[in-house]
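The residues making up each chain are set out below.
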Amino acid sequence: MSDSLSALTAAIDRADSATDLTDAVQALADACLVEAVPTLVEALSYNNPGAAVAAVDGLITLGEPAVAGLLEQLDLNNYTARSWAIRALAGIGDPRGLVTLLGAATADISMSVRRAAARGLGAMKWHWFPSNLLEIAQAEALDSLLFVAQSDEEWVVRYAAVVGLESLSTALPNTHAGWRQQIQVQLADQIARDESWAVRARSLQAQQYLREEVPLKQEVVLQEQPHSPSYAADWEQILDKLYKRKVVERSVLSEGDPAKYRQLLSTVSLG
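### Topic: the packing of aromatic side chains
What the rule picks out here adds up to 2 aromatic pairs. Judged by centre distance (5.1 Å) and plane angle (35 degrees), the ring pair of W126 and F129 falls under tilted. Each member of the pair, W126 as well as F129, carries the same accessibility label: buried. Aromatic side chains W155 and Y159 sit 6.2 Å apart centroid to centroid with 85 degrees between the ring planes, which places their arrangement in the edge-to-face category. Separated by 4 residues within a single helix, W155 and Y159 lie in helix α10 (residues 155-171), roughly one turn from each other. Using a relative accessible area of 41% as the deciding quantity, one classes W155 as partly exposed. Residue classification places Y159 among the partly exposed residues on the basis of a relative accessible area of 27%. Across the ring face of W84, the terminal group of R87 is positioned such that the distance to the ring centre comes to 4.4 Å. Cation over ring: K125 sits above W128, and NZ or CZ is 5.4 Å from the ring centre.

Here is the structure:
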């Protein structure tokens, strides 16, 4: 352990008030040390929202090196820590967090977690996905975001889904014009029917942006994009979980049944 990391973690151990703990975690996050990932992940489980927010921001800044530790956190029984971990995964956008975000956006009990997951689904680092995984991943993200926009009871979550749909649309290759059309239809429906004026206004903004300011994208050439340094085994595991998700969707409950998404959360591993 470096002297800098040792001093920063010692400050966390010495903290004897909520404010001191928040400040100490913030200092560790600001240091941007990969070696600090385990301590920052541990901070997600503290009963201190300020420290958790600082840790989430630090983990998002560190990015890909933080993902493995965050996924391990999802296996624990501390729901509060899990919810913060999901927020961090949403901010990072690593493909290994995709299945977690799909479940969280459609089924988590916390409004703030669903909101973060919905935004995260639209802003995944799609250029990190290999070609054999990209299409199914984007299809699942689209289905989940459409469901959230149509069905979530909280306007802030539907708002986040609109933001996610806008981001996803800009990332779709030209071969998926039909998916772009689905997004435009959903935005038009939100404008006409959503009970929240905020959601209506954001949908109109997204509709205009996608129609007028975003030119048709050239076909994405994945081999020219910088891929995640994840190992091949990670891709195989992600693809396996997505296929399991599809099996559950098709065989357990009927299409359009909201209970389907609750069951997905319990039957598909969140890691």
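### Some words on the side chain of Q73
Inspection of the secondary structure puts Q73 in helix α5 (residues 67-73). On the accessibility criterion, Q73 (6% relative accessible area) is buried. Once residues lying within four places of it in the same chain are set aside, the contact partners of Q73 are V41, A81, R82 and A85.

Conventions and cut-offs
- Residues numbered from 1 in each chain as written.
- Predicted model: local features only at pLDDT ≥ 70, side-chain atom pairs only at ≥ 80, totals over all residues.
- Heavy atoms only, no water.
- Phe/Tyr/Trp six-rings, centres within 6.5 Å; stacked < 30°, edge-to-face > 60°.
- Buried < 20%, exposed > 50% of the residue type's maximum accessible area, 1.4 Å probe, protein only.
- Helix = DSSP H or I, 4+ residues; strand = E, 2+ residues; numbered from the N terminus.
- Lys NZ or Arg CZ within 6 Å of the ring centre and 35° of its normal.
- Contact = heavy atoms within 4.5 Å.

Purely geometric stuff here, so don't read any function into it on its own.
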